[in-house]
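If you want the building blocks of each chain, they are given just below.
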Amino acid sequence: MKLLLTILSFALLLNANSYTDKPLLLNEAIDILKLQNLEIKVAKLEEKSAKEDEQTIAGKNWGKLDFMQDFARSNDAGNVFGFKLTSREASFGDFGFSEFDSTNPNILGVQAEDLNYPDDRNFFQSKLKYEVPLFTGFALSHYSNIMSNVSKIKKLEKSQVINEKVYQLRKSYYDMALLNDSINHLNKILQNIETLENTTQNMIDVGYAKKVDLLEVTAKKGNVTRVLVELNANKKLLYHYISFLLNQDINQITPPSSPITLPIYDDSTIIKNNLDIQKASTALTIKGDMVSVSQAAYYPTLGAFAEIATADDSFLGDASKHKAYTVGARLSWNLFNGTIDSAKIEKAKIQNLQMQSRVSLAKKGIKLKLAKIRTQIKSADEKIISLEKELILADAIYENYEGRYKEKLSSMSDVIIKQSAQIEKILQLLVAKNERNEKIFALEKLANIEK
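Keep in mind that this is a model prediction, so the values were computed, not measured. (Residues numbered from 1 in each chain as written. Predicted model: local features only at pLDDT ≥ 70, side-chain atom pairs only at ≥ 80, totals over all residues. Heavy atoms only, no water.)

**Thoughts on the sheet that holds strand E4 (residues 323-332)**
Strand order across the open sheet formed by 4 strands is E1-E2-E3-E4, with antiparallel pairing between neighbours. Every interior strand has two partners, whereas the edge strands, strand E1 (64-74) and E4, have only one. Shown here is a sheet whose adjacent strand axes are inclined to one another by a mean of 20 degrees, direction ignored. Relative to E4, strand E3 (residues 301-312) is paired through 10 bridges, and the arrangement is antiparallel. Paired with Ala304 across the two strands is Ala329, which belongs to E4. Lying over the sheet, helix H4 (residues 77-86) contacts E1, strand E2 (121-135) and E3, oriented at roughly 65 degrees with respect to E2. (Pairing = 2+ DSSP bridges. Helix = DSSP H or I, 4+ residues; strand = E, 2+ residues; numbered from the N terminus. Axes fitted to C-alpha atoms, helices over the stretch in contact; angles between N-to-C directions. Contact = heavy atoms within 4.5 Å.)

**Things to note about the environment of Arg436**
Locating Arg436 in the fold gives a position in helix H11 (residues 412-447). By relative accessible area, which is 13% here, Arg436 ends up buried. Each C-alpha atom of the pair Arg436 and Ile260 lies 8.8 Å from the other, and the pair is 176 residues apart in sequence. If near-sequence neighbours (up to four positions away) are discounted, Arg436 is found in contact with Pro259, Ile260, Leu262, Ala380, Asp381 and Ile384. (Buried < 20%, exposed > 50% of the residue type's maximum accessible area, 1.4 Å probe, protein only.)

**Topic: the packing of aromatic side chains**
The tally for this structure, following the rule as stated, stands at 9 aromatic pairs. Ring centres of Phe83 and Phe123 lie 4.3 Å apart, and the angle between their planes is 10 degrees; on these two criteria the pair is classed as stacked. Note that Phe83 is positioned in helix H4 and Phe123 in strand E2, a separation of 40 residues in sequence. Take Phe83 and Phe123: they sit in the same class, and that class is buried. Aromatic side chains Phe135 and Tyr299 sit 6.2 Å apart centroid to centroid with 85 degrees between the ring planes, which places their arrangement in the edge-to-face category. Here Phe135, found in strand E2, pairs with Tyr299, found in the loop between helix H9 (275-295) and E3; they are 164 residues apart in sequence, far enough to count as distant. The residue whose ring lies beneath Lys129 is Phe305, and the NZ or CZ to ring-centre distance is 5.6 Å. (Phe/Tyr/Trp six-rings, centres within 6.5 Å; stacked < 30°, edge-to-face > 60°. Lys NZ or Arg CZ within 6 Å of the ring centre and 35° of its normal.)

**Section: H9**
In this model, H9 (21 residues) spans 31 Å end to end at C-alpha, consistent with the 30 Å of a helix rising 1.5 Å per residue. All of the buried residues along H9 are Leu275, Ile277, Ala280, Thr282, Ala283, Ile286, Asp289, Val291, Val293 and Ser294. Turning to H9, the residues buried within the fold contact helix H6 (139-205), helix H8 (267-273) and helix H10 (340-406). Where H9 begins, the side chain of Asn274 points an oxygen toward the backbone nitrogen of Asp276, at a separation of 3.0 Å. (Expected span 1.5 Å × (residues − 1). Polar contact = N/O pair within 3.5 Å; in protein donor to acceptor, adjacent residues only side chain to side chain.)

As far as function goes, none of this settles anything; it's purely spatial.
Now the structure itself:
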């Protein structure tokens, strides 16, 4: 299965590289983003790291098995005698019986030479020891819950990073569509200006217009050209930003052809799906477990251990004959610790109450944001409808004044003013649509909508 996933990922990478040679669709770009974006990669690694921490705590329930190999050489009387006892090789001679003389009435006062001044001795001990916690006052189970919820928070944070990057990518695509639409409008205006420029020149040639009229047209042409240069520069910047998000060079994209639809979700659904609320609720669960961890200090702890060992003056010498075992258990119960434990419990309870307040505050904050965003979207919709009508009117007025100028019924200044009104409406419409898109994307982020 892992091999299949690796092959599919590699194929996707190859396809991702091929997208640089053809216009990249939005859904294709999102697929590349989730695989290639560096911030998303970091978030995924942080999630994996938290999973490993979770496994670390879970592993403590199984105890630990240690192997210890000791090597020593000593002529210290205590050590040498201890080495012999451990390897089951002590003899009566080690107690100094070679000094025993039955005719000496003060035999008890004679120093045992063999015991006090033994020869150097090697000591090899091989030991296998297993320790396991049997009861920890429920601390381990609560720590496991805490680490599991920490992993959940990291997963939610990864989802937040993905949502944020998808939001930025989608906004860039829709910004590109708006820029292209505005550029097309301005190119049409530029064509009209060039037509008006030729008409004015012809009218000057036959004496029906003045040179100042041509200068006004030329100045306006320069103004429109400047705005087009700015818009095209913004397109280049957008391509750079999209390339940054996808972590590869992107030269062509296919912007969306239709406006963004407003998602239909009630506030309760959005609050339930909101990642910040989910993180806060998970953090609240962690605080509850922290209270239980603090209360574990009031319980005794019980652990068991077992070990098997062998010792000799050579490595594994007579291992079977010299082997020994020990099994046992230890109960530990702290009966008095000042007021430290109770203070820790009270602190954990206070932090739990603080988190409860934060969760409630977060929910109310989301509701306030939702109300504000919905109002802004409604306002933007009405503004766009109004500006579209105003643009149609501005186009019609310009055409009317252009015809009136040809019939010498209006001045060139009047025509230029009407054309300026056209450009102003186009730019205002661009800003209004951009604001609407931004607010809808913000609503989608709050609702945690997968795209």
